[in-house]
Amino acid sequence: MAPGPAGRTPVFERRTTGGGAGGVAGGGSAEKVVALTFDADMTADQGLRAASGERFDNPELVALLRRLKVPSTVFMTGRWAEEYPAQAKAIGANPLFEVANHSYSHHAFSSPCYGLPVVAKNAMTHDVERAFTAFRKAGVRNVVPYFRFPGGCYDDTALRALAPANVTAVQWDVVSGDAFATDADAVAEQVLDGVRPGSLVVMHCTRSAAPATEAAVRRIVPELRERGYRFVKVSELMEDGA
């Protein structure tokens, strides 16, 4: 997408029939398509927790998406790619998936934001570029120039600061509620109730923080297909809505 007004980073939220509002990009038809996106979260300071056995990955979820043939976009932190380079490379090598940037450190780009530490304005572009560097070092392919703000938190200052990174920020219109959830059916119901044509769903690819996601996806995918929905990656959602 082209830069937003006054050189700000453009923001894409959902493909709608009437186009975007408030600076949010959109547009397109009411075709029954939906993009499932998965945040692979890991902060820069969680290495000790990973070393002690905490799992910030979810290979079973990725395997399920492959079995069900669900095109998906994975928003990956650079720290996650460093911790799980083989998995990051395998995700990027599969044409079902595309890998987008979720920052290096998973720190906030505006405050307040769920208690996350805040990235300094003059370090924002570097943080994003550091994540792309981590992807390259891990051998990740199918990397797209999209960025998701940790926590979805941003402001005008962040949009201006990130303009040199040449990325499109991607938000969502359906919150799955899978973060720290243990009831897979509740997560599935929230997604199924919220999806509309052109929807963008945010979920997580982190076992320790989202243990119910795989089970929820096992229900979400067939039910949405039964309703006539087709799954697409974010890049396809943008192209179809152009």
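Structure: see above.
Described in the following lines is the structure provided in the data block. (Residues numbered from 1 in each chain as written. Predicted model: local features only at pLDDT ≥ 70, side-chain atom pairs only at ≥ 80, totals over all residues. Heavy atoms only, no water.)

**Here's the deal with the packing of helix 7 (residues 184-194) against helix 8 (residues 213-226)**
Contact geometry of helix 7 with helix 8 gives a least axis separation of 8 Å together with a crossing angle of 35 degrees. Considering only the axes of helix 7 and helix 8, their crossing is right-handed. Contacts between helix 7 and helix 8 involve Ala184, Asp185, Val187, Ala188, Glu189, Val191 and Leu192 on the former and, on the latter, Ala215, Ala216, Arg219, Ile220, Glu223 and Leu224. Partitioned by chemical class, the residues of the contact of helix 7 with helix 8 number 9 nonpolar, no polar and 4 charged. (Axes fitted to C-alpha atoms, helices over the stretch in contact; angles between N-to-C directions. Helix = DSSP H or I, 4+ residues; strand = E, 2+ residues; numbered from the N terminus. Left-handed = near helix turned anticlockwise from the far one by under 90°. Contact = heavy atoms within 4.5 Å. Nonpolar A, V, L, I, M, F, W, Y, C, P; charged D, E, K, R; others polar.)

**Regarding the pattern of salt bridges**
Within this structure, the stated rule accounts for 14 salt bridges. Measuring nitrogen to oxygen at the nearest pair gives 2.4 Å for the salt bridge that ties Glu189 to Arg219. One end of the pair, Glu189, is in helix 7; the other, Arg219, is in helix 8, and 30 residues separate them in sequence. Here Glu189 falls in the partly exposed class, since its relative accessible area comes to 34%. Across the salt bridge formed by Glu214 and Arg218, the nearest N and O atoms sit 3.7 Å from each other. Here Glu214 and its partner Arg218 are both found in helix 8, 4 residues apart, which amounts to about one turn of the helix. (Salt bridge = Lys/Arg side-chain N within 4 Å of Asp/Glu carboxyl O. Buried < 20%, exposed > 50% of the residue type's maximum accessible area, 1.4 Å probe, protein only.)

**Observations regarding the pairing of strand 9 (residues 199-204)**
Within strand 9, 6 of the 6 residues are buried, which leaves it mostly tucked inside the rest of the structure. Residues Ser199, Val201 and Met203 line one face of strand 9 and the alternating positions Leu200, Val202 and His204 line the opposite face, and both faces are buried. Two elements, strand 3 (residues 33-40) and strand 9, share 6 bridges in a ladder whose sense is parallel. Within strand 9, the residue paired with Ala35 across the bridge is Leu200. (Pairing = 2+ DSSP bridges.)

**Thoughts on the state of the cysteines**
For the coordinates displayed, the defined rule picks out 1 disulfide. Each sulfur in the disulfide pair Cys113 and Cys153 lies 2.1 Å from the other. On the sign convention where negative is left-handed, the bridge of Cys113 and Cys153, at about 85 degrees about the S-S bond, is right-handed. With Cys113 in the loop between strand 5 (97-101) and helix 5 (124-138) and Cys153 in the loop between strand 6 (143-147) and helix 6 (156-161), the pair connects residues that are 40 residues apart, well separated along the chain. The buried category is assigned to Cys113, whose relative accessible area is 3%. Classification of Cys153 by relative accessible area gives buried; the value is 12%. (Disulfide = S-S within 2.5 Å.)

**What about the environment of Ala161?**
Its place among the elements puts Ala161 in helix 6. With 38 residues separating them along the chain, Ala161 and Ala123 place their C-alpha atoms 8.7 Å apart. Contact partners of Ala161, with chain neighbours within four places excluded, come to Lys121, Met124 and Thr125.

**Considering the packing of helix 2 (residues 59-67) against helix 8**
Following both chains from N to C, one finds helix 2 and helix 8 inclined at 15 degrees, their axes separated by 9 Å at the closest point. One finds that helix 2 runs roughly parallel with respect to helix 8. Seen along the crossing, helix 2 lies across helix 8 with a hand that is right-handed. Taking contact as the criterion, the partners of Glu60, Leu61, Leu64 and Leu65 in helix 2 are, on helix 8, Thr213, Glu214, Val217 and Arg218. Tallied by class, residues from the contact of helix 2 with helix 8 come to 4 nonpolar, 1 polar and 3 charged. (Parallel < 35°, antiparallel > 145°, perpendicular 65-115°, else oblique.)

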